[in-house]
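What the coordinates show
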Amino acid sequence: MFGLANPDRFLRFTRPLTPVAWGVAVVLLAIGVWLSFTAPEDYQQGDTVRIMFVHVPAASLGLMAYGALGVSSFFALVFRHPLADAAARAAALPGAAFTALALITGSLWGKPMWGAWWAWGDARLMSVLILFLFYIGYMALRASIDDETKAARAAAVLGLVGLINLPIVKFSVDWWNTLHQPASLLRMGGPSMSEVFLAPLLTMMAAYAALFLAVWLTSIRTEIVRRRVLTLRARKALEA
Amino acid sequence: MFDLDMGKYAAFVWPAWTISAVVLAALAARALAASRRWNAELKRLEANGPDRAQAARSAVAQTK
């Protein structure tokens, strides 16, 4: 795996993988949309159950993308791998987008089900909001420091600190009283959900994961190319 | 069959799906556009001197 930390090797390895990830994402999204709108309405939640098919995948990927950002930050900070910083940077924007979608779609689901768009003080809602703020902070910190090496190091520290929030988000529904329902997929005894809803949900989660992978790989590759362009420009300026 | 009648919940279901579709499409479009732009720029610079491009690659690898 560490062999892939070489940018040239990474580019060669991901060249065929990246279009495959895009293709899988498109196909799974099409199947997921079909399954989501052919599933019956829930006897309690009615048609709002269809919000779950975009809300839960967005929330899961918001968490997973931060996991990728945090682990990459660790490697960038400790081992100074050439690709680790690029990987952390490339995970920030898609992660923030997924987390924002989780917050927005959660709010649109919360209003008809709980009678409230938002609940200040609710552990799950607040911990996801904090996750979103970590993403924003990470990107703002990088953008605010001109020296890319210093920016990368400062952002990596922030990225690592934010990892503390991930178990808080995941277990907030168990540790505190919250409006949010407890885990219904990753729980002891298996999923508590009916199969008619499980199939579209898992398909949409796989589609979102494939889309994240496609965007992430494309962005890491772009970051490598961008650094080469900057180096070439700098050399050209020195030679001129 | 395909059920697009969200009844009294249409005002919540459709915005959730529409916002998700728009954000995901924007995310994909942005990643692909940036990739195209920087690759075109690299190709342009490399066309001016392939030996210097190789030197730049080594420089990037050494500084990380």
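Residues numbered from 1 in each chain as written. Chains lettered and ligands numbered in written order. Predicted model: local features only at pLDDT ≥ 70, side-chain atom pairs only at ≥ 80, totals over all residues.

The criterion, for reference: UniProt positions are given in the numbering used here, feature names are shortened, and annotations may be inferred rather than shown by experiment.
Going by what an unreviewed UniProt entry lists, chain B is known as Heme exporter protein D and is assigned to Brevundimonas lenta. Its UniProt record gives chain B the following Subcellular location (unreviewed entry) comment, quoted word for word: "Cell inner membrane". As its UniProt record puts it under Function (unreviewed entry), chain B is described as follows: "Required for the export of heme to the periplasm for the biogenesis of c-type cytochromes."

Going by what an unreviewed UniProt entry lists, chain A is known as Heme exporter protein C and is assigned to Brevundimonas lenta. Among the UniProt annotations of chain A, the heading Sequence similarities (unreviewed entry) holds the following wording: "Belongs to the CcmC/CycZ/HelC family."

**A closer look at the overall build of chain A**
Filter applied, for reference: Helix and strand labels come from DSSP, where a helix needs a run of H or I of at least four residues and a strand needs a run of E of at least two; each type is numbered from the N terminus. In this scheme the burial state of a residue depends on its C-beta neighbours within 10 Å: 20 or more other such atoms mean buried, 12 or fewer mean exposed, and anything in between means partly exposed; the C-beta positions come from the backbone. We call two residues in contact if the C-beta atoms placed from their backbones are at most 7 Å apart.
Across its full length, chain A carries 7 helices and 0 strands. Considering only C-alpha atoms, chain A reaches an extent of 70 × 40 × 30 Å along its principal axes. Relative to its full complement of 240 residues, chain A shows a buried share of 43%. Taking the contacts inside chain A whose residues are at least 6 apart along the sequence as the reference set, 76% of them involve residues at least 24 apart.

**Notes on the UniProt feature "transmembrane region" (unreviewed entry) in chain B**
According to UniProt, the feature "transmembrane region" (unreviewed entry) maps to residues 12-33 of chain B in the numbering used here. What you have in residues 12-33 of chain B is 100% helix and 0% strand, and the ends, taken at the C-alpha atoms, are 32 Å apart.

**Structural notes on the interface of chain A and chain B**
Rules: Amino acids are sorted into nonpolar (Ala, Val, Leu, Ile, Met, Phe, Trp, Tyr, Cys and Pro), charged (Asp, Glu, Lys and Arg) and polar (every other residue, Gly among them).
Counting from both sides, the interface comprises 37 residues of chain A and, opposite them, 35 residues of chain B. Looking at the side of chain A that touches chain B, the elements with two or more residues in it are α1 (7-38), α2 (49-78), α3 (84-114) and α7 (195-239) of chain A. At 14 residues, the largest contribution of residues to the side of chain A that touches chain B is made by α7(A). For the side of chain A that touches chain B, the residue count by class is 18 nonpolar, 9 polar and 10 charged.

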